[in-house]
Amino acid sequence: MQKHLDRLRQNGKTIGFAPTMGALHEGHLSLIRQATGETDCTVCSIFVNPAQFNDPDDLKKYPRTPGKDIGLLNNAACDLLFMPPVEEVYPPGLELPPPLDFGFLDQPMEGAHRPGHFAGMAKVVRRLLDIVQPDRLYLGQKDFQQYAIVQDMLRQLQSSIRLVRCPIVREADGLAMSSRNVRLTGEGRALAPSIFKALRQAKEKTGKLPPRQIEQEALEQLTLQPGMVPEYFEIVEGDSLQPVESWEGVSYAVACVAVKVGEIRLIDNHILIER
Ligand code: AMP
């Protein structure tokens, strides 16, 4: 694949890259379509990265549907699928660069609830970027903290890769599409749209109530739903991920939420103030 991409680059073709863990849905395909519209060759990777799972059971149960994924990628006009085995991504003896320091970015929210997750994510994204060397990298807003960390990674590496943030694709009832949604029970699936409802209400209150109060009210609202246990609901500045204490002077704010719905952990977010 590297040889193939080298040839394309020599012919002046641009490469767009969307890394995924497979079990593809419309959210992933929106990244592929955007890449296809903006670059000459779209590469999708499917790699369930063991390094970013802090829970071995979650890794084992992560949905894997390679046959279906290939059909979806063909329909979306994806040019190349990179689906390497673990030994190809991390061959024995391969020396990886020392991990980057993301300062505060990997500390709150997912960082606090999934120890080691972002170190594993950063490790694989850096390795995949090294292999694919794209001109543009397509990430979903769905994983907002991941996006902010990769943005910082590219800044630290002084990379010329253009990072593109793709909007969250939702089901008709507002639930953000996720590979994990198929693991929800019928009851859980019926409850899950209340996550986006809480985010939408937070947006309506933005600028009217203090951020802390909005967070509290959202947490209370989510806790009232039997079968749902919110882990956090935080309003943060979009680049630094520092908590927003007051609306004064804030030009970029995002509400981020993680909720356990039965056994399944779902995350979502909503941009409250877009710069
Ligand atoms: P994953 O396979 O969950 O690692 O996701 C791969 C990429 O697809 C990441 O950049 C995600 O943010 C993005 N993605 C996942 N779900 C959605 C969605 N519902 N809308 C937009 N992008 C998404």
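Residues numbered from 1 in each chain as written. Predicted model: local features only at pLDDT ≥ 70, side-chain atom pairs only at ≥ 80, totals over all residues. Heavy atoms only, no water.

Before going further, it helps to examine the packing of helix 7 (residues 117–132) against helix 8 (residues 144–156). Contact geometry for helix 7 and helix 8: axes closest at 11 Å, N-to-C directions at 55°. One way to sum up the angle between helix 7 and helix 8 is to call them oblique. As helix 7 packs across helix 8, the resulting crossing turns out to be right-handed. Where helix 7 approaches helix 8, its residues Phe118, Met121, Ala122, Val125, Arg126 and Leu129 are matched on the opposing element by Gln145, Gln146, Ile149, Val150, Met153 and Leu154. Grouping the constituent residues of the contact of helix 7 with helix 8 by class yields nine nonpolar, two polar and one charged. (Axes fitted to C-alpha atoms, helices over the stretch in contact; angles between N-to-C directions. Helix = DSSP H or I, 4+ residues; strand = E, 2+ residues; numbered from the N terminus. Parallel < 35°, antiparallel > 145°, perpendicular 65-115°, else oblique. Left-handed = near helix turned anticlockwise from the far one by under 90°. Contact = heavy atoms within 4.5 Å. Nonpolar A, V, L, I, M, F, W, Y, C, P; charged D, E, K, R; others polar.)

Here we take up empty space enclosed by the protein. For the coordinates displayed, the defined rule picks out one cavity of 30 Å³ or more. Considered as a void within the structure, the largest cavity measures approximately 40 Å³ in volume. In terms of lining residues, the largest cavity is bounded by Lys142, Leu175, Ala176, Ser178, Asn181, Ile195, Leu266, Ile267 and Asp268. When its residues are assigned to classes, the lining of the largest cavity shows five nonpolar, two polar and two charged. (1 Å grid on protein atoms, 1.4 Å probe; cavity = no way out; pocket = protein on both sides within 12 Å on 5 of 7 lines; lining within 4 Å. Points joined across faces, edges and corners; volume = space filled by probe spheres on them.)

Pairing between sheet strands relies on hydrogen bonds along the backbone, with the strands arranged either parallel or antiparallel. Spatially, 6-7-8 is the arrangement adopted by the three strands of the open sheet, whose pairing is antiparallel. Every interior strand has two partners, whereas the edge strands, strand 6 (228–237) and strand 8 (264–273), have only one. When strand polarity is set aside, the average angle formed by the axes of neighbouring strands in this sheet is 15°. Relative to strand 7 (residues 253–261), strand 6 runs antiparallel, the two sharing nine bridges. Of the residues in strand 7, the one forming a bridge with Met228 is Val261. (Pairing = 2+ DSSP bridges.)

This next bit is on the state of the cysteines. Applying the stated criterion across every chain yields a total of zero disulfides. With no disulfide of its own, Cys44 lies closest to Cys78 among cysteine sulfurs, the gap being 5.2 Å. Of the residues examined, Cys44 reaches a relative accessible area of 0% and is grouped as buried. (Disulfide = S-S within 2.5 Å. Buried < 20%, exposed > 50% of the residue type's maximum accessible area, 1.4 Å probe, protein only.)

Here we come to the layout of surface pockets. If you add up the space inside the second largest pocket, you get close to 550 Å³. The wall of the second largest pocket is formed by 25 residues, among which Pro97, Arg126, Arg127, Asp130 and Leu157 lie closest to the centre. With eight residues, the single largest contributor to the lining of the second largest pocket is helix 7. Per-class residue counts for the lining of the second largest pocket are 14 nonpolar, four polar and seven charged.

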